[in-house]
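# Notes for the structure review
Read off the chains here:
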Amino acid sequence: MRAPAMNNATGKDLLALVREGDYAHPGEEEAIRLLLTGVRPDGHRRILDAGCGGAGTAAWVQAHGYGAVTGIEIDAETVRLARERHPEVKIVSGDLRRAGDAVDGPFDLVYAMTVLYAVPDQRAALAQLGALAAPGAELRLLEYADPHGRFAAATSGRSSYAWWRPLEPGRLHELLSGTGWALAESRDLGAQFERWYVELCTRIAARREAIVERFGAEWLAFASAEYAGILEMVRAGELGGIFVRARATERVPLPPATRIVTRSDGGTEP
Ligand SMILES: C[S@@+](CC[C@H](N)C(=O)[O-])C[C@H]1O[C@@H](n2cnc3c(N)ncnc32)[C@H](O)[C@@H]1O
């Protein structure tokens, strides 16, 4: 079994046990409903789940009639797990920063749930997603945020957060500019993230025996500490959540390719 890291396949498997679904985002189905606010079911809609993880969200979205979902995921072991658990969803192995090499598009709706924070070059990923967008397409994100610009100072010296890049609400226009997306709306989800992490910590405590039995005591200790730490940061305003909605603009030429390395914890380096 791999060393504890919530972003790898074992971490996601543990979260699936705790969350009772293949979700690696806070808020489970409530968060998915929030992400899709105002979107009507339409079986013809072409949807891309960017960084689909174990594909619980993709399967839920497809099963609820929002459209045909393709999931793209960088971690090979997670892709295997997702395909095994959700064979009804098309899951493609690939890096968002090269999404155009992995999937054809176009897509009418592109969404990502707690993914961009783990992507070093967010603009490259957004530009690839923009190039895959159909005219009039929407981008929806439910992401970690750095609401007051305090995340870096709060986590300095903690290597497990060194690769996190929560979105800065005041810089969304800049982040999206030139990527083929125009900001339509953003909403602070700090209160929701706090409640969702309280619930997650409660669920972990309630399932401690099952976690130890299936994953071992080391994983229980790791997961408990990880989410207690996140909750503490959310309460202190050092980490938050954000909902972002953007509309496809005109096609923008893609930037030159970069060399990409995948780390053992599932994150990536440029
Ligand atoms: C916190 S999980 C969320 C998974 C899923 N969106 C969900 O809500 O359950 C983040 C996922 O993004 C994937 N990921 C990170 N960087 C990526 C990249 N550059 N391209 C594609 N997937 C990536 C990770 O492997 C991981 O499965």
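All values derive from a computational prediction rather than experimental measurement. (Residues numbered from 1 in each chain as written. Predicted model: local features only at pLDDT ≥ 70, side-chain atom pairs only at ≥ 80, totals over all residues. Heavy atoms only, no water.)

### Here we look at the overall build of the chain
This is how the line gets drawn: Only DSSP runs of H or I reaching four residues or more are called helices, and only runs of E reaching two or more are called strands; each is numbered from the N terminus. As defined in this context, the radius of gyration uses C-alpha atoms, and a globule is described by 2.2 Å times the residue total to the power 0.38. Classification of residues uses two cut-offs on accessible area relative to the type maximum, computed with a 1.4 Å probe and protein chains only: under 20% is buried, over 50% is exposed, and between them is partly exposed. We get accessible surface area from the Shrake-Rupley algorithm with a probe of 1.4 Å; when it comes to residues, only the shown protein chains can shield them. Note on charges: Lys and Arg go in the positive column, Asp and Glu in the negative column, and His and the chain ends are not counted at all. Lysine's charge is taken at NZ, arginine's at CZ, aspartate's at CG and glutamate's at CD.
If you tally the helices and strands in the chain, you get 11 helices and nine strands. In terms of overall dimensions, the chain is globule-like: its C-alpha atoms have a radius of gyration of 17 Å, near the 18 Å expected for 270 residues. Its C-alpha atoms put the chain at 50 × 40 × 35 Å along the principal axes. Relative to its 270 residues, the chain shows a buried fraction of 54%. Here the chain has roughly 11700 Å² of accessible surface; of this, 50% comes from carbon and sulfur atoms. Side-chain charges of the chain comprise 31 positive and 36 negative groups, with the mean position of each set lying 3 Å from the other.

### Observations concerning unusual backbone geometry
Looking along the chain, the bond that leaves Gly-105 and enters Pro-106 is cis, with omega of 0°. Within the secondary structure, Pro-106 is located in the loop between helix H5 (99-102) and strand E4 (107-113). The backbone phi angle of Glu-20 is positive, close to 55°, even though this residue is not glycine. Residue class for Glu-20 comes out exposed when judged on its relative accessible area of 57%. The phi torsion at Ala-55 lies on the positive side, around 70°, for a residue other than glycine. With relative accessibility at 0%, the residue Ala-55 sits in the buried group.

### Describing the environment of Asp-95
With respect to the element layout, Asp-95 can be found in the loop between strand E3 (90-93) and H5. Placed 44 residues apart in sequence, Asp-95 and Gly-51 show a C-alpha to C-alpha distance of 8.3 Å.

### A word on helix H9 (residues 190-206)
The condition is simple: Take the number of residues in a helix, subtract one, and multiply by 1.5 Å to get its expected span. The arc refers to the directions leading from the helix axis to the C-beta atoms.
In this model H9 runs 24 Å from its N-terminal to its C-terminal C-alpha over 17 residues, within 8% of the 24 Å that 1.5 Å per residue would give. Along H9, the residues classified as buried are Gly-190, Phe-193, Trp-196, Tyr-197, Leu-200 and Ile-204. The buried residues of H9 all sit within an arc of 120° when viewed along its axis, so they share a single face. Counted as exposed and oriented over 90 degrees from the buried face of H9: Ala-191, Thr-202 and Ala-206.

### Considering the site of the ligand
So the rule is basically this: Distances are taken per atom, and a residue is near a molecule or strand as soon as one of its heavy atoms is within 4 Å of it. Here a polar contact is recorded for every N or O atom pair within 3.5 Å, except that within protein the pair must consist of a potential hydrogen donor and a potential acceptor, and residues adjacent in sequence are included only if both atoms are side-chain atoms.
Taken together, 20 residues lie around the ligand, and Lys-12, Ala-24, His-25, Gly-51 and Glu-73 are the ones closest in. The backbone of Leu-96 places a nitrogen or oxygen atom 2.9 Å from a nitrogen atom of the ligand. One of the backbone nitrogen or oxygen atoms of Met-113 is found 3.0 Å away from a nitrogen atom of the ligand. For the ligand, the accessible surface in isolation is 600 Å², of which the surrounding protein chains cover 99%.

### Description of the packing of aromatic side chains
Convention followed: Note on aromatic contacts: the rings of Phe and Tyr and the six-membered ring of Trp form a pair at centre separations within 6.5 Å, being stacked when their planes are under 30 degrees apart, edge-to-face when over 60 apart, and tilted otherwise.
Per the counting criterion, the structure on display carries 14 aromatic pairs. Judged by centre distance (6.1 Å) and plane angle (25°), the ring pair of Phe-151 and Trp-164 falls under stacked. Of the two residues, Phe-151 sits in helix H7 (residues 151-155) while Trp-164 sits in the loop between H7 and helix H8 (172-176), which places them 13 residues apart along the sequence. Of the two residues examined, Phe-151 and Trp-164, each falls in the buried class. Arranged with centres 6.2 Å apart and planes meeting at 50°, the rings of Trp-163 and Trp-164 form a pair that is tilted. Given a relative accessible area of 13%, Trp-163 falls into the buried group. A relative accessible area of 8% places Trp-164 in the buried class. Three or more aromatic residues link up through ring pairs in this structure, and these residues are Tyr-117, Tyr-144, Phe-151, Tyr-161, Trp-163, Trp-164, Phe-193, Trp-196, Tyr-197 and Tyr-227.

### Brief notes about the packing of helix H1 (residues 9-19) against helix H4 (residues 76-85)
Counted only if it meets this: With axes taken as lines fitted to C-alpha atoms, and helix axes fitted only over the stretch in contact, angles between N-to-C directions fall between 0 and 180 degrees. Residue contacts follow a heavy-atom distance rule, with two residues in contact if any of their heavy atoms lie within 4.5 Å.
Following both chains from N to C, one finds H1 and H4 inclined at 40°, their axes separated by 8 Å at the closest point. Contacts between H1 and H4 involve Ala-9, Lys-12, Asp-13 and Ala-16 on the former and, on the latter, Glu-77, Thr-78, Leu-81 and Arg-85.

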